[in-house]
Amino acid sequence: MLNWDNMFATRSTRMRASEIRELLKLLDRPDIISFAGGIPDPALFPDKEFRQAYADIFDSSAVNSALQYSVSEGYKPLREWLVKQMADLGIPCALDNVFIVSGSQQGLDYLGKLFLSPNDTALVTWPTYLGALQAFNAYEPSYDQLTPGGNRTPDSYREAAAQKGGKVKFAYLSADFSNPTGETVDRDGREKVLKLAEELDIAVIEDAAYQSLRYDGNPIPPILALEIAEKGHINDTRTIYCGSFSKTLAPGLRVGFIVANAPVIRKLVLMKQAADLHSSTINQMAISEVAERGFDAQVGKVRAVYSQRRNAMLAALEKYMPSGTSWTKPEGGMFIWVTLPEGMDGAKLLAKSLESAKVAFVPGQAFFADGSGANTFRVSFSCANDQMIDEGISRLGRLIAGEIG
Ligand SMILES: Cc1ncc(COP(=O)(O)O)c(C=O)c1O
C-alpha cells in the first residue's frame, strides 16, 4: 500500500468526508424518514422551462456559442439580468461588479484562496455553513467567533489572530435563513458586522444562498445594500455578496454568482481563468433564459411549498418535542435548528434514531469551527411532505423523551 499521506500537501490533512454527504446516502433507504439533506425538492424544478430553454438553444445558431469556450466573467445576458435583480435588492451595480461561478460553493473556495494565507483568521458564526468551513479549510486558516450584534472589541480579534500567527482577513456569514440554523441577522446585527469589518479593515463575505426564500416577516436589506447606501458606490465597499440559483431554479446546473467591488471581481476572474476557465456556457445560457422568462413565478412557487412545510414542521415540533428541547423559528430557508438539553449528544442520538426511530437529521457539531455544539442538530423541511413531517417528528420526539428520561 502506498502511503499517500506522505505525498499530499499539508492542506489536505484538514479535508475530511462531510457528515452531510455521508448522510445523503440515507435518502435512498425507503424505511428512513430523512430530514438530513439540505437539498431542494426536485418536484419543484422548472424542468419544462429548462427543456424549452435547451431546445431553443439547440434549434438556433446560439448552439455554436453554447458549446464553445466563453469568457471567465460569465455569460453577459445573465450578468445583465443580475444587474437588474441586484438593483431591486438595493444593490446598484454595473456589469463589471458581477461574476458567474460554478455554484456559490466555488465562490467560497475562490474567496478562501484569495484572502487566506496559512494561519490567518476567518471570522465565522458558531455554527456556520459546513461547506464554507470545508472550502476555507483548504487554505489552512484559524477561526474565531463572529457574533453579529455582539460586543467583542476589534483589538480582541486582532490579538487572538496574532497569537495564531496571522491576521483577521474576513467575516463570513449568512444573514438570511442561515444553514444550519434558519436564523436571520437583523438590521442592527448587519450594521454591527459592517462596523467591526471597518474597524478591523477586513472583507465581509455575505452568503445569500437562501436570500430569496423568505416566507414571512419583512425583508432586511442585504449587508452589501446597507454598505452601498452608506458609501455611495459599490466600488467603495468591502462586502462580497455570494448568490446562487441552486435553491430557486436548480442546483445541478452549477450556476452561482458573486457581486462585489470591481477590484475583487478582477482578481476572482483571474482565479477562474486558472481554475476552470469559465462556468458551463450552455448552463449559464439556460439559466439566463429560464430566469428571464419567469424567475419571480418560480420563486413564488417554491416559497409557497416550503413555507407550508416550514409551518408543518414547526407545528410538529411544538406537538411532539419534550420539554428541555428548543428550536429556531425561521422566517425562510430550509432548516430548523434543535437544541437538546446540555450533555446530550446529537451524533449519538442519530445513531439510535437510525436504528429505532428510523429518522435522519444532521448532528450539529460539524457546523461549529471550535467543535462545540454537540447537543444540537439540524432538520430540513424542504423535501418532506406533511405526513412525513408529522410521523418523523413524532418518532423523534418519543426517542428524545426516552433519552431525557
Ligand atoms: C449557506 C450555503 N451557501 C452556499 C451553498 C452552496 O450552494 P451552490 O454551490 O449550489 O450555489 C449552500 C448549499 O447548500 C449553502 O447552504
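Please refer to the structure placed before this passage.
Since we're looking at a predicted model, the values are computed, not measured.

### Things to note about helix 12 (residues 346-357)
The α-helix winds at 3.6 residues per turn, so residues separated by three or four positions along the chain end up facing the same way. Along its 12 residues, helix 12 runs just 14 Å from first to last C-alpha, ending more than 12% under the 16 Å computed at 1.5 Å per residue. Residues of helix 12 that are buried include every one of Gly346, Leu349, Leu350, Ser353, Leu354 and Ala357, and no others. Each buried residue of helix 12 sits inside an arc of 135° when the element is viewed along its axis, so together they form one side. Along helix 12, exposed side chains directed more than 90 degrees from the buried face belong to Lys348, Glu355 and Ser356. The positive-phi residue at the C-terminal boundary of helix 12 is Lys358, with phi of around 60°.

### Regarding the sheet that holds strand 5 (residues 168-173)
The strand order 2-8-7-6-5-3-4 describes an open sheet built from 7 strands, whose pairing is mixed. Either end of the sheet is taken by a strand with one partner, and the two such strands are strand 2 (98-101) and strand 4 (142-145). The average angle at which neighbouring strand axes cross in this sheet is 25°, direction not considered. With 4 bridges joining them, strand 5 and strand 6 (residues 203-207) adopt parallel strand pairing. Residue pairing for strand 6: Leu173 is matched across the bridge by Glu206. Along the sheet face, helix 5 (residues 104-115) touches strand 2, strand 5, strand 6, strand 7 (239-244) and strand 8 (256-259) and points at about 155° away from the line of strand 7.

### Overview of the pairing of strand 4
Here strand 3 (residues 121-124) pairs with strand 4 via 4 bridges, running parallel. In the sheet register, Leu123 faces strand 4, and the bridge partner there is Asp144. Read from strand 3 through helix 6 (residues 130-137) to strand 4, the crossover connection turns out right-handed.

Conventions adopted
Residues numbered from 1 in each chain as written. Predicted model: local features only at pLDDT ≥ 70, side-chain atom pairs only at ≥ 80, totals over all residues. Heavy atoms only, no water. Helix = DSSP H or I, 4+ residues; strand = E, 2+ residues; numbered from the N terminus. Expected span 1.5 Å × (residues − 1). Buried < 20%, exposed > 50% of the residue type's maximum accessible area, 1.4 Å probe, protein only. Arc of directions from axis to C-beta. Pairing = 2+ DSSP bridges. Axes fitted to C-alpha atoms, helices over the stretch in contact; angles between N-to-C directions. Contact = heavy atoms within 4.5 Å. Right-handed = clockwise from strand over helix to strand, strands pointing away.

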